[in-house]
Structures are given as C-alpha cells and as structure tokens.
Amino acid sequence: MRVLCGAVLMLTMGCATTVTRLDGEFPAPIGPAKNDCEKTEWLVVAPTRAEFVEPSGKHTTPRDDGVALYRVGARRPESIPSLAGEMGHESPTFADHSDIVRSYDTKTWAAAGLGAAGIIAIGVGTALFVSSFKTQSVKQSDGSIGQEQKIDGTEAGIGGGLVLAGFGLGIVGLALNPGQAERSRAEAARYVFFPPKDPRENVVTWTQTYNQAVRDRCERAPSP
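Residues numbered from 1 in each chain as written. Predicted model: local features only at pLDDT ≥ 70, side-chain atom pairs only at ≥ 80, totals over all residues. Heavy atoms only, no water.

Brief notes about the overall build of the protein chain
Step number 1: Helix and strand counts for the protein chain stand at 7 helices and 5 strands.
Step number 2: Traced from its N-terminal end to its C-terminal end, the protein chain shows the element sequence α-β-α-β-β-α-α-β-β-α-α-α.
Step number 3: The proportion of buried residues among the 224 residues of the protein chain is 37%.
Step number 4: When contacts within the protein chain are restricted to residue pairs at least 6 apart in sequence, those whose partners lie at least 24 apart make up 69%. (Helix = DSSP H or I, 4+ residues; strand = E, 2+ residues; numbered from the N terminus. Buried < 20%, exposed > 50% of the residue type's maximum accessible area, 1.4 Å probe, protein only. Contact = heavy atoms within 4.5 Å.)

Here is the structure:
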C-alpha cells in the first residue's frame, strides 16, 4: 500500500524543472513595456536552457540555443500551448508544440488516475476483508457464553479481489507513466523554441505583433 501511494505521488508531482532562463533578452523593435498596464500582459523573449534526459535516465544533455517567452520580471516561462490562442497565432509551430504536450499530459493524467483508482480499490478491499472476520456469542455445553469467530466467505473474497485489482491498476499506471526522458522533452516543447525549426527571429516577430496589440489596448483604455 505504501509503495503504491508513493508511486501515485511520483506520478502527480513529476520531476524538477528542466527549463531555465538564461541572462539577457532579445528585444523586439517595439521596445520595453512603458507602464503598469502594458507590463501586466507584455511578453519578453529571453535565452533559455533545456536539459534533455537520456533514455537511461543517468545523463542529461543541455541545449542553450533556445528562447522562451516570459512576463516582465518573471523567471518561469509562459506555456507555448497556452499562448497560441492568446497571441492569436495559428502557425504549425504552435500546433506541433501543443501536440507533444497534449500527448504527454494525457499519459500522465491517465497514469495518475489509474494509480488513484488502485489505492481506492485496495482501501475498500482491505476494509471488506477485515470486516469479513466476525465474532458472535455462542452458548457452550456447560451453559456459559463464549465467543466464536466466523468468516464471511463472500465478503472476504470480494475484498481480496479488490486488493488484487488495486495492485493491478497501480502496476498499469506505472507502466503507462512517461519516463524522465519523455518528461524532459515534453517540458522543452511546453516552454522553449529551438532552431532551426523555430528560428529566434520568428519568435521575436510574433512577440512584436502581440506586444503591439497589448500597447494598443492600453492606449485605448480609459485613464483611472
């Protein structure tokens, strides 16, 4: 039971981030945000490192040639799939990133769901198995009252079956859960643009267009 609980915790928590913001920025021609209104939604293009875990899980390979999008002053990047709609962008680049992330998230949540179902099944099964041992009072041959233990075979069988099913669900969940290598690649796809597929110049241009729209909205907004 403890092993299965630990496995579910591992499924839901994932691993430490493999994406890190590096020093510097790649400014767009529009320049920096001018006021608090713009800073709320403004995006900054900054160099970003991603660590790719090898299939063996023993080594990582860093890439420092990527860029990611950050809010002003933030150290954690914005999710590329979430920005696709916000930036009004239908480029295949955003679709490709979203597909990789969606596949990973689906596997992760399915694995976590199976693990949680396994814990519930084990808990219910254990309770049924324990409650199948019943004690009742019986009259002894000498007239005294004694205690006799009986087992409800049906209840015990159902409880044992649920426990076994729970462990089976947990094992399937662990098998389905993505490994560290797939997790690191999904996190890179979630946050980082890499050349040559995603040239930095394209990302800066998309950000320029987005930030211009932010500036236009702020200029139209009534003064407080």
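Some details on unusual backbone geometry
Step number 1: P195 connects to P196 through a cis peptide bond whose omega is 0°.
Step number 2: For P196, the position within the fold is in the loop between α6 (180-191) and α7 (200-220).

A few points about the packing of aromatic side chains
Step number 1: Taken as a whole, this structure holds 5 aromatic pairs when the rule is applied.
Step number 2: With a centroid separation of 5.5 Å and an interplanar angle of 75°, the aromatic rings of F129 and F133 are classed as edge-to-face.
Step number 3: Its guanidinium or amino end placed over the ring of Y70, R21 lies 4.6 Å from that ring's centre, counting from NZ or CZ.
Step number 4: Its end group placed over the ring of F26, R200 keeps NZ or CZ at 4.1 Å from the ring centre. (Phe/Tyr/Trp six-rings, centres within 6.5 Å; stacked < 30°, edge-to-face > 60°. Lys NZ or Arg CZ within 6 Å of the ring centre and 35° of its normal.)

Focus on the packing of helix α4 (residues 92-131) against α6
Step number 1: The geometry of α4 relative to α6 is characterised by a closest axis approach of 8 Å and an angle of 140° between their N-to-C directions. By the angle between their directions, the pair α4 and α6 is classed as oblique. In this structure, α4 meets α6 at a crossing whose hand is left-handed. Taking contact as the criterion, the partners of H97, I100, V101, Y104, D105 and K107 in α4 are, on α6, E182, R183, A186, A189 and R190.
Step number 2: Counted by class, the contact of α4 with α6 contains 5 nonpolar, 1 polar and 5 charged residues. (Axes fitted to C-alpha atoms, helices over the stretch in contact; angles between N-to-C directions. Parallel < 35°, antiparallel > 145°, perpendicular 65-115°, else oblique. Left-handed = near helix turned anticlockwise from the far one by under 90°. Nonpolar A, V, L, I, M, F, W, Y, C, P; charged D, E, K, R; others polar.)

Focus: the pairing of strand β3 (residues 60-71)
Step number 1: The sheet contact formed by strand β2 (residues 43-53) and β3 spans 10 bridges and is antiparallel. Looking at the pairing, A50 lines up with R63 of β3. (Pairing = 2+ DSSP bridges.)

Section: the pattern of salt bridges
Step number 1: Throughout the structure, instances matching the rule amount to 10 salt bridges.
Step number 2: Between R71 and E78 there is a salt bridge, with the nearest N and O atoms lying 3.7 Å from each other.
Step number 3: In this structure, D96 engages K197 in a salt bridge whose closest nitrogen and oxygen atoms are separated by 3.2 Å. Here the residue D96 occupies a position in helix α4, and K197 occupies one in the loop between α6 and α7, the gap between them amounting to 101 residues.
Step number 4: In this structure K197 comes out as exposed when scored by relative accessible area, which is 54%. (Salt bridge = Lys/Arg side-chain N within 4 Å of Asp/Glu carboxyl O.)

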